[in-house]
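Take a look at the letters that make up each chain.
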Amino acid sequence: MAAPASPRGGRARPSPPASSRKKDGRGLAEGVGAARRPADPALLATLAGHPAIWTQVAMASRQAPCCLWLLGVILLMDVSARPANHSSARERAGLREENEILPPDHLNGVKLEMDGHLNKGFHQEVFLGKDTDGFEEDAEPRKSRRKLMIIFSKVDVNADRRISPKEMQHWIMQKTAEHFQEAVQESRAHFRAVDPDGDGRVSWDEYKVKFLASKGHSERGLAEKMRSNEEPKVDEETQEVLENLKDRWYQADNPPSDLLLTEDEFLSFLHPEHSRGMLKFMVKEIVRDLDQDGDKQLSLPEFISLPVGTVENQQGQDVDDNWVRDRKREFEELIDANHDGIVTMAELEDYMDPMNEYNALNEAKQMIAIADENQNQHLEPEEVLKYSEFFTGSKLMDYARNVHEEF
């Protein structure tokens, strides 16, 4: 599973300044002259398909002859642009198909991405689950506060207006299970897309054809090459992706290995968090990428090493400082279970297992500690509202004044 790459900045193409436009009136004169030429048959045919527009054009043309010409240009531009729009639609469809059969870049409710980046949205994912509507940036604050307090009431099982670590732990497990169920449903749909004969098993070649077809190759041509044991020609980047996918395919194929994935195995291929074996594979990949001395475990300096790139400005320095601070806290407080300064594969595997109840309790305690201003090891409504950005991704103002009203 690939994780989000480091941001790449691109320079936007500047728009021509208004002062650079022609001011001598020649464009207008040419437009008026063009309006006096005989009407283009294609233009007339286009207008004939728009009776309401034709009526308005006829009325406007009595007052300004150039209007007919200008409208014609607009309509013809629209007509000529349609093939490009259709092409874009095809590209979007291909991208959607590729996204459907590729393992997702991001796994909801899992602490680390495949390349070892921290999942920045983890706390919102395990607090809100799929119920994220109402916390968008443009959402009405009063409704968002009310919804947040409804969630608070659900977590607060004994209704004492406080969330204990145990209550938060159970809530985290419940939301994680929802993410699991959603992944199962999506995987079933994707499995049907790559199992054309419906025999309940997908071969590597069948999957490979679907993947390359989503990249623009002819599915029929690919199938013919497969039958003749001829490898399709692909670029270097696509070949690297294929090799990584095939490694992952082998890992998901339970013994005895036959390179045929059942529906459950295909789920593990797409979502390694659903299989202990695939979770081990995911951990090995992360350790391999971060381990600098080859001892197959991670020290704190290795875990907090900055991603490839240079710091060019203060904003970049701030990003790097946050990276180090967040990863250092995660390493020391959660991943390194015995606090010996070294993270083994077993420790990292336990940390990344979303259904690990012990980890869920640790996460619950950490989430409570973030907002527990009165240090009573519980969360109260005022604290949840004040730290709403941590729990929901949205900052809700006037928390203290509104808490009693929302309850």
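Residues numbered from 1 in each chain as written. Predicted model: local features only at pLDDT ≥ 70, side-chain atom pairs only at ≥ 80, totals over all residues. Heavy atoms only, no water.

Points about the nonpolar core
A general tendency of soluble globular proteins is for nonpolar side chains to be buried together. Counting 25 residues, the largest nonpolar core has F127, M168, M367, L379 and F391 as its most contacted members. Looking at this core, the elements that each hand over two or more residues are α5 (122-128), α6 (141-155), α7 (165-194), α16 (357-371), α17 (381-386) and α18 (388-392). Filtering out sequence-adjacent residues up to four positions away, M367 remains in contact with H123, V126, F127, M168, I172, F390 and F391. (Core = buried A, V, L, I, M, F, W, Y, C linked by side-chain atoms within 4.5 Å. Buried < 20%, exposed > 50% of the residue type's maximum accessible area, 1.4 Å probe, protein only. Helix = DSSP H or I, 4+ residues; strand = E, 2+ residues; numbered from the N terminus. Contact = heavy atoms within 4.5 Å.)

Quick word on helix α8 (residues 204-214)
Across the 11 residues that make up α8, a large majority, 9, are buried. Every buried residue of α8 is listed here: W204, Y207, K208, V209, K210, F211, L212, A213 and S214. One or two positions beyond α8, positive phi appears at G216, with a value near 105°.

Let's talk about the confidence of the model for the protein
With 69% of its residues at a pLDDT of at least 70, the protein reaches an overall mean of 76. Counting interchain partners and residues more than four positions distant, the pLDDT-below-50 stretch residues 1-61 has 42 contacts. Scored below 50 in pLDDT, residues 398-407 makes 21 contacts in the model with residues more than four places away or belonging to other chains. (pLDDT = per-residue confidence, 0-100.)

Thoughts on the environment of F269
The residue F269 is located in helix α11 (residues 263-270) in this model. Each C-alpha atom, one on F269 and one on R248, is 6.5 Å from the other, the two residues being 21 residues apart in sequence. The contact partners of F269, leaving out residues within four places of it in the chain, are I101, P103, Y207, L245, R248, W249, A252, L261 and M278.

Quick look at a negative patch on the surface
On the surface, D235, E236, E237, E240, E243 and D247 cluster together into a patch of negative charge. Mapping D247 onto the fold places it in helix α10 (residues 236-252). For D247, a relative accessible area of 44% translates into the label partly exposed. (Patch = residues over 30% accessible without salt bridge, like charges linked within 9 Å, V, L, I, M, F, W, Y side chains within 5 Å. Areas by Shrake-Rupley, 256 points an atom, 1.4 Å probe, with all protein chains shown as cover. Salt bridge = Lys/Arg side-chain N within 4 Å of Asp/Glu carboxyl O. Lys, Arg positive; Asp, Glu negative; His and termini not counted. Charge placed at Lys NZ, Arg CZ, Asp CG, Glu CD.)

Side note on the packing of α10 against α11
At a minimum axis separation of 9 Å, α10 and α11 run at an interaxial angle of 135°. By the angle between their directions, the pair α10 and α11 is classed as oblique. Handedness of the α10/α11 crossing: right-handed. Residues L245, R248, W249 and A252 of α10 touch α11, and the partners they reach there are E265, F266, S268, F269 and L270. (Axes fitted to C-alpha atoms, helices over the stretch in contact; angles between N-to-C directions. Parallel < 35°, antiparallel > 145°, perpendicular 65-115°, else oblique. Left-handed = near helix turned anticlockwise from the far one by under 90°.)

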